[in-house]
Each structure stands twice: as C-alpha cells, then as structure tokens.
Amino acid sequence: MRQSILPSEAGAFETPQRRATLATLRRHAAPLLAWLATFCYAAWQLVAQQKLFLHTFLVERVGNPGVAKLPLGYGNVLALKSIMLWQQLRGDPDALKDVQHRIYQRIHRRLQARGVATGQVRPLAEYRMDEITPRRFYREHVRRGVPCVLRGFVPASDRWHFAQLAERFPNAIGQVMEKRTKRVFSTTLRAIFEDGRREYIAEQALLDQNPALKDYFEVERSNAYFPVLGRSSKPILSFLIIGLGSGLNANFHCEESVNWYLAVSGAKRWTLVEAEYSWLLYPAARGTGLRRFSAFLADEEGEPRDKAAYPLAAYAPRYEVVLRPGDVLYFPAWMWHKTVNLDDEGLGVTCRYAPTTVMSNRYFRALQLLSPAFWTDSVKVLTALIRRDMTGLEDASEQNEQESVLI
C-alpha cells in the first residue's frame, strides 16, 4: 500500500544543499524561461488578439468597446496609426510631424462641426469597503475594464509617513533620479530621506525587493481582487511610489498592465482618460512600448500648458478624483493618467496585475511586439521575477515612475 508523505516529512527533503541547488538552477534557467514566456505571449497576441495585425490596423477603435466612441473619422485614425507605426520603426518620434499635425487639425474641425462637448468630467464609481465584495469588484470592474475607487480600503496610519518609513526600514532599497544628470540609480530610504530633495527626485521602492516593506503594507490583501483560475493572484510588479513635494506632477502616461494604487500618505489628485481617447492626448512614439507618454506637458488641472497647440485634449472625457490615505484606485491597462501632489508628500503603493480582462488597447500592444527594446525589457523583468531577485531593475528606465516638479 502506498503511503502518503506528510507535509512535515516532505519538508525534511528540503535540505540546505537541495535549496542551494534549486536556486542555482533557477538562476541559470531564468533567462531562457523568460525568453520562452515572452515569445509565447507575443505569439498568442499576434494570432489570437491581433489577428496578424489586421484587426489592429483596420478597426477604428483602439480602446474598450464599452466606452462611447467619438467621431474622429476612420481615415484620420488609420492615418495616425500608420504615422505612429512609421515613427516607431524609424526610431524618430518627429517623422512625418507636419502630416500628423494636419490630421490633428482635421479631427479638430470635425469635432467642432459635430458640436462635440469639451471639458467633460464623467463620474467615477466609488465604494466603501462594506459595499462591494472582491468577487463583485472582479466581475464588474476588472473583467470589464471599468475604473473605480475603494474608499477606506485600509485605516490611515501616521506610521506610513515617509519619515517613519525611513526610520523603520532605513536599508530598504529605493530608486532616485539625479536632478543634474537625470540618471536613475538605487539607494536606501535613509539616504533619500536625508537628502531632503536637494539632489534627488525620489521615485520608488520595489516592494518585491523589500519583503518586509511589502508585508508592512499588507499587499497580500489586494491579491484577492485579481483571481486567476479561481485563486488569488500576485502582482507582476509592486512599487512604493515616493512622491515628495507639494505640486509634484506626473505627466499623462499609460502602461500595459492593470493598476491597483493604495494611497499611503498625503492627498493626491488623479486625472484619468480612457484608452479609446488616446489620439486626443497626442501620444508620442518614444520609449520601449511598455509605457506611452503624451506629447504635451499638462498643468495641475490636467490641461495642456499650451492649449492652442493641443486643442484636441479638451475633447477627451475624463475622470477626476482626489485620493487620501487608505483609499484605493483601480484602473485598467492603457488608461491614461496623471497625478499631482496636494500635500508635501504623496506616497502610494501601486501593484500591477495581469488577470483576464477585456483587451484595452490592441494598437499600443501591437507596437510593443514590434519594439526590440520591449523584448529586452520584458525578458529582464521576467528573469528577475523567476530568480526572485529584483536588484538592477532601476536600469530599465521604463519601469520607473519618473515624476517632475511643475514649473
């Protein structure tokens, strides 16, 4: 008769030598497994989602099909897609800039002629924690790609202020950007706090790199809201965003994974715009494709500083919300967002998940597949995850939340 092995007996086989051997195998196999995973993802995207790029380039919509469409004009959108593709393939974000500008002008005249309203602010769904279950949240928001706010997800605490964090976790590793050189590198929370924003713009601490800090914010509680095959899933990456300074502004950008943001300290105003309205924010063809940026700089209200040069931004419906400590903001992949600190510090924990959801922007994902830098960065991140060693990711600038002070 076959005897079952009790958990305690099974654990006896996990000798230090065996653990060291497994760690060595994981370290050496990680790059190959990361390349294999990236290739499989790209192949699935190409066949199932992109329909060999035909669906991507021949369909006018770029965002969630549940979002209202604006009359931009099929030919105009097709032309903008072609120009942005050419800019990326050439590695020149300014290629065909004059032609692109004329198309934007044509769209502007079209929206004016049809009387499309400007300055629309749409209501964002908000819940108290006793009003929605994780299952309902996943069904109504994650699966459908609908943003929302969970008020009071955790009780606010004075122990979450940056001074207390730097004192309790002085050697936790965070990322900073040097003001003079714009170079990104790693240093300790203690060094970031002692610098007092003289030389560095503090950016983030990788929670995956600091398990004690990750436990401190109870990140595991968030995983129940993103099940995969019926089980709670862990985030692909998680960060402690270190936003120091009132008026600190992150310009409009979007990225490829869904976002779960827990406000830690200070109040922060968020402006969100659906991926469907990407062309109204003048997306720039620069970077690796993991993130996209708007071509204009926005002011504290989310408006272009040069409104005359970027008139289409006024036609993009938006969500606006102020988050305070303990609140959570969820928004789907490729949703445009910008933030501004309303207090002297605006810290937050952001987790990026990859659950089953609606395809939020096939076009931007298509550009990813055509970017060599995307493949390199993806393999680097996946290799770090497989090795369970996140050190060195600061070199992948696309992984950093680079914020700049409003001038």
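Everything numeric here is computed off the predicted structure, so don't read it as measured data.

### Section: the overall build of the protein
Step number 1: A count of helical and extended segments in the protein gives twelve helices and 18 strands.
Step number 2: For 407 residues, the compact-globule estimate of 2.2 N^0.38 gives 22 Å, and the protein sits close to it at 22 Å.
Step number 3: Projected onto the principal axes, the alpha-carbon positions of the protein cover approximately 75 × 50 × 45 Å.
Step number 4: Taken over 407 residues, the protein has a buried fraction of 51%.
Step number 5: Sequence-distant contacts, at least 24 apart, represent 78% of the contacts inside the protein between residues at least 6 apart.
Step number 6: For the protein, the accessible area works out to roughly 19300 Å², and carbon and sulfur atoms hold 56% of it.
Step number 7: Each charge sign in the protein was given a centre, from 53 positive and 42 negative side chains, and these centres are 7 Å apart.

### So, the side chain of Arg365
Step number 1: Looking at the element boundaries, Arg365 is found in helix α11 (residues 362-369).
Step number 2: Owing to a relative accessible area of 11%, Arg365 belongs among the buried residues under this scheme.
Step number 3: If we skip the residues at most four places from it in the chain, Arg365 touches Tyr41, Gln45, Gln50, Glu256, Ala333, Trp334, Met359 and Ser360.

### Observations regarding the pairing of strand β11 (residues 268-273)
Step number 1: When you tally the buried positions in β11, you get five out of six residues, the bulk of the element.
Step number 2: Here β11 runs beside strand β14 (residues 319-323); their pairing, made up of five bridges, is antiparallel. Each bridged residue has a counterpart across the sheet, and for Lys268 the counterpart in β14 is Leu323.
Step number 3: Relative to strand β16 (residues 336-341), β11 is paired through six bridges, and the arrangement is antiparallel.

### Focus: helix α6 (residues 134-142)
Step number 1: Listed in full, the buried residues belonging to α6 are Phe137, Tyr138, His141 and Val142. Seen end-on, α6 carries its buried residues on one side only, within an arc spanning 105°.
Step number 2: Where α6 is buried, its residues meet β1 (125-128), β2 (148-151), β6 (227-228), β10 (258-265) and β15 (328-331).

### Structural notes on the environment of Leu96
Step number 1: By the secondary structure assignment, Leu96 is in the loop between α4 (74-90) and α5 (97-113).
Step number 2: Between the C-alpha atoms of Leu96 and Ile83, which are 13 residues apart in sequence, the distance is 6.8 Å.

### Considerations on a nonpolar patch on the surface
Step number 1: A cluster of nonpolar side chains, Val47, Leu52, Leu54, Leu58 and Tyr74, forms an exposed patch at the surface whose accessible area comes to about 530 Å².
Step number 2: Summarising the element assignment, Leu52 is placed in the loop between α2 (16-49) and α3 (54-58).
Step number 3: The class of Leu52 is exposed, set by a relative accessible area of 57%.

### Section: the nonpolar core
Step number 1: Grouped together as the largest cluster of nonpolar side chains are 78 residues, with contacts concentrated most on Phe137, Leu189, Phe217, Leu240 and Trp260.
Step number 2: Listed in part, the 17 residues of the second largest apolar core include Leu206, Ile241, Leu272 and Val321.

### Side note on the environment of Pro134
Step number 1: Mapped onto the secondary structure, Pro134 falls in helix α6.
Step number 2: Looking at Pro134, the relative accessible area reads 29%, which means it is partly exposed.
Step number 3: Residues Pro134 and Pro147, 13 residues apart in the sequence, show an inter-C-alpha distance of 14 Å.
Step number 4: The residues contacting Pro134, other than those within four sequence positions of it, are Ala224 and Tyr225.

The rules we used
Residues numbered from 1 in each chain as written. Predicted model: local features only at pLDDT ≥ 70, side-chain atom pairs only at ≥ 80, totals over all residues. Heavy atoms only, no water. Helix = DSSP H or I, 4+ residues; strand = E, 2+ residues; numbered from the N terminus. Rg over C-alpha atoms; globule rule 2.2 N^0.38 Å. Buried < 20%, exposed > 50% of the residue type's maximum accessible area, 1.4 Å probe, protein only. Contact = heavy atoms within 4.5 Å. Areas by Shrake-Rupley, 256 points an atom, 1.4 Å probe, with all protein chains shown as cover. Lys, Arg positive; Asp, Glu negative; His and termini not counted. Charge placed at Lys NZ, Arg CZ, Asp CG, Glu CD. Pairing = 2+ DSSP bridges. Arc of directions from axis to C-beta. Patch = residues over 30% accessible without salt bridge, like charges linked within 9 Å, V, L, I, M, F, W, Y side chains within 5 Å. Salt bridge = Lys/Arg side-chain N within 4 Å of Asp/Glu carboxyl O. Core = buried A, V, L, I, M, F, W, Y, C linked by side-chain atoms within 4.5 Å.

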